[in-house]
Amino acid sequence: MLKMQNIHTYYDNIHALKGINLNINKGEIVTLIGSNGAGKTTTLGTITGLLKPKEGKILYNDEDITCVQPGHIVKKGISLSPEGREVFPQLTVFDNLKLGAYTRSDKKEIDQSYEMVYELFPRLFERKTQIAKTLSGGEQQMLAIGRALMSKPEILLLDEPSLGLSPNLVLLIFELIKDINKLGMTILLVEQNAKMALKVADRGYVLETGKIIIEGNAKELLNDDRVKQAYLGNL
Ligand code: ATP
C-alpha cells in the first residue's frame, strides 16, 4: 500500500535519512522504532510531504506521491497524528476535530467520523467545548489522534503517541491503536516505547542514524538479541 524506496532526506547538509526502504501492507500495524534522533519524525515528515527527499521514491497504491503537497497527501488518505501536544491550543476540542476534516465536504460522512472519534474517546465527547490547552497531556494526545482520524484516513501515521503519558494511559492508548486498526485502518506507529509498540504491531523496523538496521515480524523482533539489548532494556 505504501512503499518508501531508497529515501534520502536532508536538513541543509545534515543527511537525516540515508536510503530508507519501508513497506506497509493494507490492514497492518507496522512500527518504526529507534532512539532519539534516529530519524523517525523525519520519516513521517517525508511521507506526508512536509519534507522533500533528495533521492528515492514514495509509492502509495502504486502512485508516485514523492512530490505531492501535504494537503493532497491527506486527501489521498494518509493522515498524521503528530508527536506530543501539537493540537491547536486556543481552540475547543470540537473545533480541533473539525479542522481535522478540512479536506472533506460530505457532512453526513463527517458526522460519522465525529461519532467514531467520540466512541473511541468518550473523554473527548465529555470535553467537546473545552479549550485544548487546558486538557491533560493524555487528553491532548487523544485529541491529536482524533483530529487525524477526522480526515478518514486509509493510513494513520502516529508519532510517539505514548510520549509523556502515565503507564495506565500508555496501556489505554495502545489498546485504542488496536481498536482503530480493527476499524479497518492501516497504521504506521513511530515509538520509542519499543516493547509496547512491538506487542501491538504485526511487523517492525528499527531505525538507527537514518538507516533501517533490522526489520521483521514484530514477535521475532521482540526476541531478537540486538533489539532486546538496545531497545528493550534487557538481555
Ligand atoms: P526523537 O525521538 O528524538 O523525536 P527522531 O528519531 O524522530 O528523534 P528526527 O527528529 O527525525 O529523529 O531527527 C533525525 C535527525 O535530523 C537528527 O539528527 C536531528 O538532529 C536532525 N533534524 C531534525 N529536524 C531538523 C531540523 N529542522 N534541522 C536540522 N536538523 C534536524
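Quantities reported herein were computed from a predicted structural model and do not represent experimental measurements.

## What about the site of the ligand?
- Around the ligand, the surrounding shell holds 14 residues, and the nearest of these are Asn36, Gly37, Lys40, Thr41 and Thr42.
- Within the side chain of Tyr11, an N or O atom sits 3.5 Å from a nitrogen atom of the ligand.
- A distance of 2.7 Å separates an oxygen atom of the ligand from a polar atom in the backbone of Gly37.
- In isolation the ligand has 620 Å² of accessible area, and contact with the protein removes 62% of it.
- If you list the elements that add at least two residues to the shell around the ligand, you get strand 2 (14-24) and helix 1 (40-47).
- With 3 residues, helix 1 is the largest single contributor of residues to the shell around the ligand.
- Its residues assigned to classes, the shell around the ligand shows 4 nonpolar, 7 polar and 3 charged.

## Some thoughts on the sheet that holds strand 5 (residues 63-64)
- With antiparallel pairing, the 4 strands of this open sheet are ordered in space as 2-1-4-5. The sheet is open, and its two borders are formed by strand 2 and strand 5, each paired with just one other strand.
- The sheet contact formed by strand 4 (residues 55-60) and strand 5 spans 2 bridges and is antiparallel. Looking across to strand 5, one finds that Tyr60 is bridged to Glu63.
- Where helix 1 meets the sheet, its contacts fall on strand 1 (2-11), strand 2 and strand 4, and the angle it forms with strand 1 comes to roughly 115°.

## Some details on the packing of helix 3 (residues 93-100) against helix 4 (residues 107-120)
- Packing of helix 3 against helix 4 leaves a shortest axis separation of 11 Å and a crossing angle of 130°. Relative to helix 4, the element helix 3 is oriented oblique. With respect to the hand of their crossing, helix 3 and helix 4 are arranged in right-handed fashion. Judged by residue contacts, Phe94, Leu97 and Lys98 of helix 3 engage Tyr114, Val117 and Tyr118 from helix 4.
- Across the contact of helix 3 with helix 4, the residue classes break down as 5 nonpolar, no polar and 1 charged.

## Notes on the nonpolar core
- Within the largest apolar cluster, 49 residues are counted, with the highest numbers of intra-cluster contacts made by Phe121 and Leu149.
- The element best represented in this core is helix 7 (residues 167-182), accounting for 7 residues.
- Excluding its chain neighbours within four sequence positions, the residues that come into contact with Leu149 are Met116, Val117, Leu120, Phe121, Leu156, Ile180 and Met185.

## A few points about the pairing of strand 8 (residues 186-191)
- Across the 6 residues of strand 8, 6 count as buried, placing the element largely inside the fold.
- The alternating pattern of strand 8 places Thr186, Leu188 and Val190 on one face and Ile187, Leu189 and Glu191 on the opposite face, and all of these are buried.
- Bridge count between strand 3 (residues 29-33) and strand 8: 5 bridges; the pairing is parallel. What sits directly across from Ile33, in strand 8, is Glu191.
- Here strand 7 (residues 155-159) runs beside strand 8; their pairing, made up of 5 bridges, is parallel. Pairing of Leu157 across the sheet is with Leu188, part of strand 8.
- For the crossover from strand 7 across helix 7 to strand 8, the handedness is right-handed.

Calculation criteria
Residues numbered from 1 in each chain as written. Predicted model: local features only at pLDDT ≥ 70, side-chain atom pairs only at ≥ 80, totals over all residues. Heavy atoms only, no water. Near = heavy atom within 4 Å. Polar contact = N/O pair within 3.5 Å; in protein donor to acceptor, adjacent residues only side chain to side chain. Areas by Shrake-Rupley, 256 points an atom, 1.4 Å probe, with all protein chains shown as cover. Helix = DSSP H or I, 4+ residues; strand = E, 2+ residues; numbered from the N terminus. Nonpolar A, V, L, I, M, F, W, Y, C, P; charged D, E, K, R; others polar. Pairing = 2+ DSSP bridges. Contact = heavy atoms within 4.5 Å. Axes fitted to C-alpha atoms, helices over the stretch in contact; angles between N-to-C directions. Parallel < 35°, antiparallel > 145°, perpendicular 65-115°, else oblique. Left-handed = near helix turned anticlockwise from the far one by under 90°. Core = buried A, V, L, I, M, F, W, Y, C linked by side-chain atoms within 4.5 Å. Buried < 20%, exposed > 50% of the residue type's maximum accessible area, 1.4 Å probe, protein only. Right-handed = clockwise from strand over helix to strand, strands pointing away.

Everything listed here is a matter of coordinates, which is why it stays silent on function.
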